[in-house]
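Listed below, chain by chain, are the residues.
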Amino acid sequence: MEKGLISVDRWSDHSQAYFLTHLHSDHTHGLSSSWTKGPLFCSRLTAKLFPFKFPNFKLSLLRILDIGPWHSFVLVSPSSGSETTVDVMAIDAHHCPGAVMYLFRGDFGCMLFTGDFRWEATDGRAKIGRTMLLNALERDRVNILYLDNTYCNPLFSFPSREAASQQVVDIIASHPKHDIIIGIDTLGKEDLLLYISRSLKVKIWVWPERLQTMHLLGFNDIFTTKTSLTRVRAVPRYSFSINTLEGLNKVRPTIGIMPSGLPWVVKPSEVNDNPVSSSISNHSGNRLRINGGPCTEINKKGKLRSVVRFHQYIYSVPYSDHSCFPEIEDFIKLVQPVNIKGIVSSSFCYIEPLYYFGRLCGVETSSQRLPHKSEWRDKDKNIGGKTKSNSGSSNLTDAGKRKRKIDFLGIHLRRVSVVRRAQCGAKIVENDSP
């Protein structure tokens, strides 16, 4: 696509039309209440949440794109000066409220931007999105797929979010005398909290700003800011740490649950020498032994779904709003793009998507080698958060001097990150949004 026409999740470029996939902060870097560069296209739900995140924003700049139909608009080619028609379709990304993918069609060909997305084969919404996408591509082929490659690594295979939600319910039910702390972002994981509330028939505490978001989303009766009404609390992810849980346990028994696809680097508890129960009862009454380590459940396909206790007070559950490796592969097989570009150019487990999936695009995989260490030093930008390539969100701040990295199983982490997480738990900033 010719530069100067369209920007997706990039707010410093000079373009004629801007598209926002969703409201997580790593996709709005550079966007502010005073931003006035041009028309901003987004989903209807994102437009509803927008003033809460960006007060005093000039709302006349917002252009709502309903999910499903094609929308057409005319732009001017910067090089030729002639008018060109661009068609765009918004498709549910199944990531967080309001998140969408964008399918563009025009003289430049066909391009698909996933933004952040979760592509669950068994999910009803994903099935609708699959049909919508196939119908839209009936006479076109995607020339470039800009892909959420957050978990583009065979190490990652997650259960469905419904199955992971049940794991969380099982943990809570197995600790009836404990307070429960769940780490979440400022947007996302609502389905998990609703599942917990309906399964256990409890209200869930959230902080005041989060309660406003819940009300905007139409959830008026399930959430509260009164701690006396519930033992289950959803807290900001940045406040969730081992230090926090140890402090809370000095007052009353408390366990923490981190629903995330991100691996914790802290070593799992090896000795069952704590007041936390050493087994989890699932809601149907079956008990799953953990003995201080992984609690695993085998699904019908024979794959392991793991709940891990990384500390005597903390469980990690693989609930992710990003697609895991098998889901990414399924999506690419469906779309059959000519080329793929990952939107996460530097992360804790970055691997160029073509390294694994070039064969599905007719690209020689051998030419798509893994980056050499020296290349990582040159291109690495702020591994602590997600940094997007030119195809996605703007880069975040430069990390400055490079820290020594630990390399294991294709995952690159800075030593300082390993130490920090080992000492403090997953004190993850909002823009990790796993």
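Residues numbered from 1 in each chain as written. Predicted model: local features only at pLDDT ≥ 70, side-chain atom pairs only at ≥ 80, totals over all residues. Heavy atoms only, no water.

## Quick notes on the overall build of the protein
Link 1 in the chain: Counting its regular elements, the protein contains 10 helices and 24 strands.
Link 2 in the chain: When the 434 residues of the protein are sorted by exposure, 56% land in the buried category.
Link 3 in the chain: Once local pairs closer than 6 in sequence are excluded, the contacts in the protein between residues at least 24 apart make up 66%.
Link 4 in the chain: Here the protein has roughly 18,700 Å² of accessible surface; of this, 51% comes from carbon and sulfur atoms. (Helix = DSSP H or I, 4+ residues; strand = E, 2+ residues; numbered from the N terminus. Buried < 20%, exposed > 50% of the residue type's maximum accessible area, 1.4 Å probe, protein only. Contact = heavy atoms within 4.5 Å. Areas by Shrake-Rupley, 256 points an atom, 1.4 Å probe, with all protein chains shown as cover.)

## Some words on the sheet that holds strand β4 (residues 62-64)
Link 1 in the chain: Spatially, the four strands line up as an open sheet ordered β1-β2-β3-β4, and their pairing is parallel. Across the chains shown, the open sheet's two edge strands, defined by having one partner strand only, are β1 (6-8) and β4. When strand polarity is set aside, the average angle formed by the axes of neighbouring strands in this sheet is 25°.
Link 2 in the chain: In terms of strand pairing, β1 meets strand β2 (residues 17-19) through three bridges, oriented parallel. Looking at the pairing, I6 lines up with A17 of β2. (Pairing = 2+ DSSP bridges. Axes fitted to C-alpha atoms, helices over the stretch in contact; angles between N-to-C directions.)

## Looking at the pairing of strand β9 (residues 144-147)
Each regular strand shows side chains that alternate between the opposite faces of the sheet.
Link 1 in the chain: Side chains of β9 alternate between two faces, with I144 and Y146 and L145 and L147 buried alike.
Link 2 in the chain: In terms of handedness, the path from strand β8 (residues 109-113) via helix α2 (residues 124-136) over to β9 forms a crossover that is right-handed.
Link 3 in the chain: Relative to strand β20 (residues 339-342), β9 runs parallel, the two sharing four bridges. Bridge pairing in β20 links L147 to G342. (Right-handed = clockwise from strand over helix to strand, strands pointing away.)

## Side note on the sheet that holds strand β6 (residues 83-92)
Picture the strands of a sheet paired through backbone hydrogen bonds; they go either parallel or antiparallel.
Link 1 in the chain: Strand order in the open sheet made by the six strands is β5-β6-β7-β8-β9-β20, with mixed pairing throughout. Each edge of the sheet is formed by a strand with only one pairing partner; in this case those strands are β5 (70-76) and β20. Strand-to-strand twist of the sheet, defined as the mean angle between neighbouring strand axes without regard to direction, takes the value 20°.
Link 2 in the chain: Note: β5 against β6, seven bridges, orientation antiparallel.

## Some details on the environment of H27
Link 1 in the chain: Residue position: H27 is located in the loop between β2 and β3 (40-42).
Link 2 in the chain: Taking relative accessible area as the criterion, H27 reaches 1% and is therefore assigned buried.
Link 3 in the chain: Within polar-contact distance, the side chain of H27 engages the side chain of D116 at 3.0 Å. (Polar contact = N/O pair within 3.5 Å; in protein donor to acceptor, adjacent residues only side chain to side chain.)

## Things to note about the packing of helix α3 (residues 161-173) against helix α4 (residues 190-200)
Two measures define how a pair of helices packs: the angle their axes make with one another and the distance between the axes.
Link 1 in the chain: Running from amino to carboxyl end, α3 crosses α4 at an angle of 50°, the nearest separation of the two axes being 9 Å. Put simply, α3 runs oblique to α4. Note on packing geometry: the crossing formed by α3 with α4 is right-handed. Between α3 and α4, the residues in contact are E162, S165, Q166, V168, V169, I172 and A173 and L192, Y195, I196, S199 and L200, respectively.
Link 2 in the chain: Of the residues in the contact of α3 with α4, the class split is eight nonpolar, three polar and one charged. (Parallel < 35°, antiparallel > 145°, perpendicular 65-115°, else oblique. Left-handed = near helix turned anticlockwise from the far one by under 90°. Nonpolar A, V, L, I, M, F, W, Y, C, P; charged D, E, K, R; others polar.)

## Description of the packing of α2 against helix α7 (residues 325-335)
Link 1 in the chain: Where α2 meets α7, the axes come as close as 10 Å, and the angle between the chain directions of the two elements is 30°. On the basis of the axis angle, α2 is roughly parallel to α7. In this structure, α2 uses R130, L133 and L134 to contact α7, whose residues at the interface are D330, F331, L334 and V335.
Link 2 in the chain: Partitioned by chemical class, the residues of the contact of α2 with α7 number five nonpolar, no polar and two charged.

## Description of the environment of Q16
Link 1 in the chain: Following the sequence through the fold, Q16 ends up in the loop between β1 and β2.
Link 2 in the chain: Residue Q16 is classed as partly exposed on the basis of its relative accessible area, which comes to 27%.
Link 3 in the chain: A C-alpha to C-alpha distance of 5.2 Å links Q16 and L5, two positions 11 residues apart in sequence.
Link 4 in the chain: Once you skip the residues sitting within four places of it in the chain, Q16 turns out to touch G4, L5, P39, L75, V76 and P78.
Link 5 in the chain: Of note is the side chain of Q16, whose polar atom sits 2.6 Å from the backbone oxygen of V76.

## With respect to unusual backbone geometry
Link 1 in the chain: Although it is not a glycine, K201 adopts a positive phi angle of roughly 55°.
Link 2 in the chain: Considering the arrangement of structural elements, one finds K201 in the loop between α4 and β11 (204-205).
Link 3 in the chain: Overall, K201 belongs to the exposed group, its relative accessible area being 73%.

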